[in-house]
Amino acid sequence: MTDAASGGDASGGGGGAIVGDGGAADANRIPATTYKETWASVDTHPPAPEWFQDAKFGLWYHWGAFSVAAYGSEWYPRNMFHSGSPEYNHHLATFGDPYGNWPYHNFLNGANDKAGTFTKFAPKLKSDGGNFDPNEWAQLFLDAGAKMAGPVAEHHDGFSMWKSTCNEWNSVSKGPGLDLAAQFAAAYRAKGLKFLVSTHTAYNFTGYYQYVPAQTDPSLKKLYGQMAKADEEQLWLCEQKELIDLYQPDYMWHDFNVPQISEATRLAYLAYYYNRGIDWGKEVVVSFNDGFNKNGEVQQVERGGYADITNPFWLCEDSISQTTWCYTQGMSYYSGKALLHSLIDRVSKNGALLLNIAPMADGTIPQAQKDALLTMGSWLKPNGEAIYATRAWVKFGEGPTKLGTGGFSTPVEATAQDIRFTRNKANTALYAIGLGWPGSNQAVITTLKSPAFDTSTITDVTFIGGGSCTWTQDATGLKVNLPAQQANNLGYAVKISFSATIPKLN
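About the cut-offs
- Residues numbered from 1 in each chain as written.
- Predicted model: local features only at pLDDT ≥ 70, side-chain atom pairs only at ≥ 80, totals over all residues.
- Heavy atoms only, no water.
- Phe/Tyr/Trp six-rings, centres within 6.5 Å; stacked < 30°, edge-to-face > 60°.
- Helix = DSSP H or I, 4+ residues; strand = E, 2+ residues; numbered from the N terminus.
- Lys NZ or Arg CZ within 6 Å of the ring centre and 35° of its normal.
- Buried < 20%, exposed > 50% of the residue type's maximum accessible area, 1.4 Å probe, protein only.
- Right-handed = clockwise from strand over helix to strand, strands pointing away.
- Axes fitted to C-alpha atoms, helices over the stretch in contact; angles between N-to-C directions.
- Parallel < 35°, antiparallel > 145°, perpendicular 65-115°, else oblique.
- Left-handed = near helix turned anticlockwise from the far one by under 90°.
- Contact = heavy atoms within 4.5 Å.
- Nonpolar A, V, L, I, M, F, W, Y, C, P; charged D, E, K, R; others polar.
- Salt bridge = Lys/Arg side-chain N within 4 Å of Asp/Glu carboxyl O.

> It is not clear to me how the packing of aromatic side chains should be interpreted in this structure. Could you clarify?
Each aromatic ring pair is specified by the distance between its two centres and by the angle formed by the two planes. Inspection of every chain in the model, using the stated rule, returns 47 aromatic pairs. An angle of 55 degrees between the planes, with centres 6.4 Å apart, marks the rings of Tyr88 and Tyr99 as tilted. One end of the pair, Tyr88, is in helix α6 (residues 86-94); the other, Tyr99, is in the loop between α6 and α7 (106-109), with 11 residues separating them in the sequence. A connected cluster of aromatic rings, assembled from ring pairs, spans Tyr61, Trp63, Phe121, Phe132, Trp137, Phe141, Phe159, Phe184, Tyr188 and Phe195. We note Lys174 situated over the ring of Trp169; from NZ or CZ to the ring centre the distance is 4.5 Å. Stacked on the ring of Phe396, the Lys or Arg Lys349 has its end atom at 4.6 Å from the ring centre.

Below is the structure:
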């Protein structure tokens, strides 16, 4: 990941703020029957198909050789070569000289650290006596309420977490000797989850390894991003096509610096993936920070979101920790409640949340991370009707707490005065989601006060997970009496059903 928001691209694929209402345009879009390698063609691709807008919540993880040191962040491979940095000093003291006997690729090939302990990224399956079980990960993600999941298939470090013929630095030839992408694809699809992969390779050869000395070995030049630009681009495209053909991902996520890849190569990738989706008979998704555009792909916001409903459909990418995207010793965590409220807020604003966790190098998911995910799942299981397969209403919500306004905004726990709205796709039911439990057991929804909101066509007000609620309306709001025995400090959801479409808000 990056420490700052990435810029756009003047070519026709670009980043930047999302403005305007793309809903009508998307609904009327006619996708190509065969995509050509032009913006005019790939821009006809629907960026967020129905399944993606329905899913709302995905999980992925920064896990790889950079997890072994468990120090600093997933940028350890870069910073360990930066003389004088904390990572450099840690590496020198713990493993050895990064410029001499202990370069980064020792984590892939294996070598003794200074204590004499053999050190290597080599998670073993539980069936082989280790701690790594992709089926357990899949069940955890399902229990957390996720609808899609997958790995960081390749981070900036240039190590492919799959059986690659493009890149000899891969998880079958090196490290664990396992096709990790295949393991995950099988496990997640068996649980009904959509499969995603993320690639961060564009920065591998455009700055990540800037402190690494010039290599003479051709293979090490490949790992450390020191090949000629044409060769680097060929490798990038080869790897994207390989992931597509081997694992048929439903969704491909891209990190920043994609504009450093030539426009022709980017278009070749998009056309290839979209055409393979046609071959498979399924709708696929690409999301991006930069280098593509909102016509055919989904814009990401790193660690943040928007202050209001934003079109077209967008994605928030965030991590379970403020300090790191990969596992580090002593890392801090956001609460499950804060992460849940972040998800609800993004959904109310026409977005989705892709949340990163940080497994340990041996494949163990720390209990604190499990607890946070299961907290989210404990609320989503009974209340998911108000989240999944919903759409944003005309107003995202009310209350004092500002959530996700801008990039790099910290998830926080909201209050009982904070409410977020969603609606069903038929526009006949409005969901009011309280982000806390009112002390009086009465929800007061000020947005729906008299005379701003007409209640004459309400047929029922239901507590999600329970029965009908009594309600009244006055100039202070719609007042819904909640069942006291259902009190939950994570929040609640009520469904307001109408005999016709939801009335307009005056």
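> Can you walk me through the pairing of strand β10 (residues 351-357) in this structure?
Where a strand is regular, its side chains alternate between the two sheet faces. Most of β10 sits out of view: 7 of its 7 residues are buried. Here β10 shows no split at all, with Gly351, Leu353, Leu355 and Ile357 on one side and Ala352, Leu354 and Asn356 on the other all buried. With helix α14 (residues 336-348) bridging strand β9 (residues 314-319) and the parallel β10, this β-α-β connection has right-handed handedness.

> Would you take a moment to explain the packing of α14 against helix α15 (residues 367-383) for this structure?
When two helices pack together, you describe them by how their axes are tilted relative to each other and by the distance separating the axes. Where α14 meets α15, the axes come as close as 8 Å, and the angle between the chain directions of the two elements is 50 degrees. Looking at the two axes, α14 sits oblique to α15. Helix-helix and strand crossings are classified by hand; for α14 and α15 the assignment is right-handed. Side by side, α14 and α15 meet where Gly336, Lys337, Leu339, Leu340, Leu343 and Ile344 of the first sit next to Ala372, Thr375, Met376, Trp379 and Leu380 of the second. For the contact of α14 with α15, the residue count by class is 8 nonpolar, 2 polar and 1 charged.

> Help me understand the pattern of salt bridges in this model?
Here the idea is simple: oppositely charged side chains can pair when their charged atoms come close. One pass over the full model with this rule turns up 17 salt bridges. Residue Arg391 pairs with Asp54 through a salt bridge whose shortest N-O separation is 3.0 Å. Taken together, the positions of Arg391 in strand β11 (residues 390-391) and Asp54 in helix α3 (residues 50-55) put the pair 337 residues apart, joining distant regions of the chain. Across the pair Arg303 and Asp318 runs a salt bridge whose closest N-O atoms are separated by 3.2 Å. In this pair, Arg303 sits in the loop between β8 (298-302) and β9 while Asp318 sits in strand β9, placing the two residues 15 residues apart along the sequence. Pair check on accessibility: Arg303 and Asp318 agree, each one buried.

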